[in-house]
Amino acid sequence: KIKGVIFDLDGVIVDTAKFHFLAWKKLANDLGFDFTELQNEELKGVSRVRSLEKILEWGNTSLSEDEFIKKMAVKNDNYLSYITNLTSKDILPGVSRIIDFLTEENIPISLGSASKNARPILKKTGLIEKFHAIVDGNDVSKAKPDPEVFLIAAEKIGVAKENCLVFEDSVAGVQAANIAGMMSIGIGEKDVLHEADHVFSSFEEIEIDFIKKLLTT
Ligand code: BG6
Ligand code: MG
């Protein structure tokens, strides 16, 4: 029985995954190499530090500690420039309908994101008030697939892990939910997110009755 719901942010609530991709791609290109969209699946859900480590491995490149920190800052500035004009119009289709339904049913909602930019994004999109708890990249020390972020998110809303449902668009995030012992719903492609308990191509495909059942059985 589901008694609490945890949402990932990037690529689940807002379409910011594409901006992370563009900003990382630019960083790699500036260093003289490129990576594919398939490789980018491995960056989704992963922390900023871990993402840069992976990209440098792909390019067979290394940076001094100073350069590493500088590159992360440049990437983030670039990313922020893409999201300055984010509004409620950028909430992905079908998301608000599910959030409103959960709110009516008095189901606590928590955020479980790797991003350090989560709060400003929730503010810009007008969603911050809907969340009973927010756990983001500022609160955790271990990147997904480590379950830390979801375990804290569950604890903050006072719901046992086996009663939590996680919405995720990333492989690392689905794995984190599974390791945490929570139900996982993947938003994206079935063949990418095959480890999830259920996969939908978008929130628009999710029937309210399907969620209703999860809350009662
Ligand atoms: C995750 C994204 O939600 O947050 C990743 O899927 C991103 O692409 C990570 O790198 C960290 O985000 P930020 O905003 O702190 O750089
Ligand atoms: Mg995501």
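No experiment lies behind these values; they were computed from the predicted model shown. (Residues numbered from 1 in each chain as written. Chains lettered and ligands numbered in written order. Predicted model: local features only at pLDDT ≥ 70, side-chain atom pairs only at ≥ 80, totals over all residues.)

Within strand β5 (residues 183-187), four of the five residues are buried, which leaves the element mostly enclosed by the surrounding structure. Both strand β4 (residues 164-168) and β5 contribute to a ladder of four bridges, which runs parallel. Among the inter-strand pairings, Leu-165 is bridged to a residue of β5, identified as Met-183. At this point the chain moves from β4, through helix α8 (residues 171-180), to the parallel β5, and the crossover so formed is right-handed. (Buried ≥ 20, exposed ≤ 12 C-beta atoms within 10 Å, placed from the backbone. Helix = DSSP H or I, 4+ residues; strand = E, 2+ residues; numbered from the N terminus. Pairing = 2+ DSSP bridges. Right-handed = clockwise from strand over helix to strand, strands pointing away.)

Moving on, we come to the sheet that holds strand β3 (residues 133-135). Spatially, β3-β2-β1-β4-β5-β6 is the arrangement adopted by the six strands of the open sheet, whose pairing is parallel. Here the strands that pair on one side only, and so sit at the sheet edges, are β3 and β6 (198-200). Each strand of the sheet is rotated relative to its neighbour by a mean of 20°, with strand direction disregarded. Summarising the sheet, strand β1 (residues 4-7) and strand β2 (residues 109-112) pair through three bridges and their orientation is parallel. Residue pairing in the sheet places Ile-6 in a bridge with Ser-110 of β2. The sheet strands contacting helix α7 (residues 148-156) are β1, β2, β3 and β4, and the helix crosses β2 at an angle near 155°. (Axes fitted to C-alpha atoms, helices over the stretch in contact; angles between N-to-C directions. Contact = placed C-beta atoms within 7 Å.)

UniProt tags Asp-8, Asp-10, Glu-168 and Asp-169 as "binding site: Mg(2+)" (unreviewed entry). For this annotated set, covering 162 residues, all C-alpha atoms fall within 8.9 Å of each other, a compact arrangement in space. Relative to the assigned elements, Asp-10 resides in the loop between β1 and α1 (17-30). Ignoring anything within four residues of it in the chain, the contact list for Asp-10 reads Thr-16, Ala-17, His-20, Ser-113 and Ser-115. Looking at where Asp-169 falls in the secondary structure, it is placed in the loop between β4 and α8. (UniProt positions renumbered as here; feature names shortened; annotations may be inferred.)

Close contacts around ligand 1 come from 19 residues, with Asp-10, His-20, Ala-114, Ser-115 and Lys-116 the closest. Put simply, the parts of the chain that give the shell around ligand 1 at least two residues each are α1 and α3 (48-58). Classifying every residue of the shell around ligand 1 by side-chain character gives five nonpolar, 10 polar and four charged. (Near = placed C-beta within 6 Å. Nonpolar A, V, L, I, M, F, W, Y, C, P; charged D, E, K, R; others polar.)

Residues Val-5, Ile-6, Phe-7, Leu-9, Phe-150 and Val-166 are the most contacted members of the largest nonpolar core, which totals 56 residues. With six residues, the top contributor of residues to this core is α8. In contact with Val-5, not counting residues within four places along its chain, are Leu-102, Ile-107, Ile-109 and Leu-165. (Core = buried A, V, L, I, M, F, W, Y, C linked by C-beta atoms within 7 Å.)

Moving on: the packing of α1 against helix α4 (residues 65-83). Helix-helix packing: each pair is described by the crossing angle between the helix axes and the interaxial distance. At a minimum axis distance of 9 Å, the contact between α1 and α4 shows a crossing angle of 140°. Judged by the angle between their axes, α1 and α4 are oblique. For the pair α1 and α4, the crossing hand works out as right-handed. Together, Phe-19, His-20, Leu-22, Ala-23, Trp-24, Lys-26 and Leu-27 of α1 and Lys-71, Val-74, Lys-75, Asn-78, Tyr-79, Tyr-82 and Ile-83 of α4 make up the contact between the two elements. Residues that form the contact of α1 with α4 fall into these classes: nine nonpolar, two polar and three charged. (Parallel < 35°, antiparallel > 145°, perpendicular 65-115°, else oblique. Left-handed = near helix turned anticlockwise from the far one by under 90°.)

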